[in-house]
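Close look at the chain arrangement
Okay, here's what each chain looks like letter by letter:
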Amino acid sequence: MSLRLSQLGEFGLIDLLRKYKGSGAGVIKGIGDDTAVVPLDAKRYLLLTTDMLMEGVHFERKTPPRLIGRKALACSISDIAAMGGRPRYALVSLGVPGSLSWAFVRDLYKGMDALARKFGVAVVGGDTVKSARLVINVALTGEVNKTDVVYRSGARPGDLIFVTGPVGKSLSTGWHLKFAPRVKQARYLVEHIKPTSMTDISDGLAADLGHILEESKVGAVLDEKKIPRRAGANLRQALYDGEDFELLFTVPRRKAALLRRNKFYLIGEIVPWSKGLLLRDKNQRLTKINIQGYTHF
Ligand SMILES: [Mg+2]
């Protein structure tokens, strides 16, 4: 009998799909990072990412359409930022119920357009189909200098772990609809600090740090009292809620002093792979924690 997707989980499914990768020369990075990385020209790489949002999962019908459109693009811009890149061109596809009003779709596009203008993104095409539930997909390209690109795979024991802002309670506070993708911070980091690894927090601090640990083959110790939490968020919510869209990155210890002056939060350090993911509590006790955050199936 065939496995059900709910038994596989999102990442189990992605793992099984990895092998169906077609052919073609020159892929720098396929599945396994915030975006794909392919050749562009002598100095730059092209970044490719796509994000799908669905009614009832990522937003509700009562969510203001401007915010739905805004979020659909913002998630993809966040992934481009996580590679150290600049966003460029978007393709926007919609699945829409026939009962939806034109005004709703117009406002959705207005919300997206406002963010696109702010971040220098051109919407250049897309597709529409009839669908039982509202679905929106944004495919986005970006560009990054070859010398600037940051993967999830470069963290080394001794590196320090930073985050760009507070985490937890993103869904219940509406932050997930209003966040500003951290392109400027990412540009600062790649130009001045050269992080050894970076990702954005979409699945949850623990889960996304888990991606860095897995790709870099390292472990980590998080300092419970240093993790910045959104107002009202408890530790569990800060670790597992997700959709914060802050950047999570690692830097060699000798560069950390540069960051303390710049509103980046030091939350822990990278340790050898064999240690796994550990949490240091206020009494300096270490406990192993689960990386599992939000799962999609
Ligand atoms: Mg990401």
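Report on the accompanying structure. (Residues numbered from 1 in each chain as written. Predicted model: local features only at pLDDT ≥ 70, side-chain atom pairs only at ≥ 80, totals over all residues. Heavy atoms only, no water.)

Quick look at the coordination of the magnesium ion
Geometry sets the ideal angles at a metal, namely 109.5 degrees for four tetrahedral donors and 90 or 180 degrees for six octahedral donors. In the first shell of the magnesium ion, the protein supplies D34 (OD), D79 (OD) and D200 (OD), at 2.0 to 2.1 Å from the metal. What makes D34 buried here is its relative accessible area of 7%. By relative accessible area, D79 is classed as buried at 11%. (Donors = N, O, S within 2.8 Å, 3.2 Å for Na, K, Ca; no water. Buried < 20%, exposed > 50% of the residue type's maximum accessible area, 1.4 Å probe, protein only.)

Things to note about the packing of helix α2 (residues 65–82) against helix α3 (residues 102–118)
Interaxial distance between α2 and α3 falls to 6 Å at its minimum, and their mutual angle equals 40°. If you check the angle between α2 and α3, you find them oblique. Read as a crossing pair, α2 and α3 show a hand that is right-handed. Residues P65, R66, I68, G69, R70, L73, A74 and I77 of α2 form the contact with α3, whose own contacting residues are F104, D107, L108, K110, G111, M112, L115 and A116. In terms of residue class, the contact of α2 with α3 is built from 10 nonpolar, two polar and four charged. (Axes fitted to C-alpha atoms, helices over the stretch in contact; angles between N-to-C directions. Helix = DSSP H or I, 4+ residues; strand = E, 2+ residues; numbered from the N terminus. Parallel < 35°, antiparallel > 145°, perpendicular 65-115°, else oblique. Left-handed = near helix turned anticlockwise from the far one by under 90°. Contact = heavy atoms within 4.5 Å. Nonpolar A, V, L, I, M, F, W, Y, C, P; charged D, E, K, R; others polar.)

Examining the sheet that holds strand β11 (residues 277–280)
Consider a sheet: its strands pair through backbone hydrogen bonds, and that pairing is either parallel or antiparallel. Pairing in this open sheet of seven strands is mixed, and the strands run β7-β9-β6-β10-β8-β11-β12 from one edge to the other. Because the sheet does not close on itself, it has two edges, and the strands there are β7 (197–200) and β12 (286–288). Each strand axis lies, on average, 25° off the axis of its neighbour in the sheet, ignoring direction. By the bridge criterion, five bridges tie strand β8 (residues 218–223) to strand β10 (residues 265–272) in an arrangement that is antiparallel. Each bridged residue has a counterpart across the sheet, and for A220 the counterpart in β10 is I270. Set on the sheet, α2 makes contact with β7 and β9 (247–251); between it and β7 the angle comes to about 175°. Helix-sheet contacts for helix α6 (residues 183–193) involve β7 and β9, and the interaxial angle to β9 is about 10°. (Pairing = 2+ DSSP bridges.)

Quick notes on the packing of aromatic side chains
In the structure shown here, the tally under the stated rule is four aromatic pairs. Between the aromatic rings of F179 and F245, the centroid separation amounts to 4.2 Å while the plane-to-plane angle is 15°, which identifies the pairing as stacked. In this pair, F179 is assigned in the loop between α5 (175–178) and α6 and F245 in the loop between α8 (235–240) and β9, connecting sequence segments 66 residues apart. Of the two residues examined, F179 and F245, each falls in the buried class. By way of ring pairs, the aromatic residues F162, Y188, F249 and F264 are connected into one cluster. The ring of Y151 carries the charged tip of K29 above its face, separated from the ring centre by 5.4 Å. Over the face of the ring belonging to W273 we find K217, whose NZ or CZ atom lies 4.8 Å from the ring centre. (Phe/Tyr/Trp six-rings, centres within 6.5 Å; stacked < 30°, edge-to-face > 60°. Lys NZ or Arg CZ within 6 Å of the ring centre and 35° of its normal.)

With respect to the pattern of salt bridges
Per the stated rule, a full pass over the model turns up 20 salt bridges. Where R285 meets D281, a salt bridge forms, and the shortest distance between an N and an O atom there is 3.4 Å. With a relative accessible area of 55%, R285 lands in the exposed category. When salt bridges with common partners are traced through the structure, they connect D223, K226, R253, E269 and R280 into a single cluster. (Salt bridge = Lys/Arg side-chain N within 4 Å of Asp/Glu carboxyl O.)

A closer look at the nonpolar core
L73, I136, F162 and F249 are the most contacted members of the largest nonpolar core, which has 52 residues in total. Examining the composition of this core, we find that nine residues originate from one element, α2, more than from any other. Two domains each put at least three residues into this core: domain 1 (27–145) and domain 2 (160–288). Those residues in contact with I136, other than ones at most four positions away along the chain, are D51, M52, L53, F59, I68, A72, V92, S93, L94 and L108. Counting residues in each nonpolar core, the second largest holds 23 residues, with I227, L248, L279 and I289 among its members. (Core = buried A, V, L, I, M, F, W, Y, C linked by side-chain atoms within 4.5 Å. Domains from an automatic or database assignment.)

Remarks on the pairing of strand β6 (residues 160–163)
The alternating pattern of β6 places L160 and F162 and I161 and V163 on opposite faces, both of which are buried. The sheet contact formed by β6 and β9 spans four bridges and is antiparallel. Bridge pairing in β9 places L160 opposite V251. Pairing between β6 and β10: four bridges, direction antiparallel. Bridging across to β10, L160 finds its partner in E269.

Considerations on the side chain of H211
Along the polypeptide, H211 turns up in helix α7 (residues 205–216). Those residues within four positions of H211 in sequence are excluded, and the remaining contacts are F11, R152 and D203.

Considerations on the sheet that holds strand β5 (residues 135–145)
Pairing is mixed across the open sheet formed by five strands, whose spatial order is β1-β2-β5-β3-β4. With one partner strand each, in any of the chains shown, β1 (36–39) and β4 (122–130) form the two edges of the open sheet. Geometrically, the sheet is characterised by an average inter-axis angle of 20° between neighbouring strands, direction not taken into account. In this structure, strand β2 (residues 44–54) lies alongside β5, joined through 11 bridges in antiparallel fashion. Counted as the bridge partner of M54 is V135 from β5.

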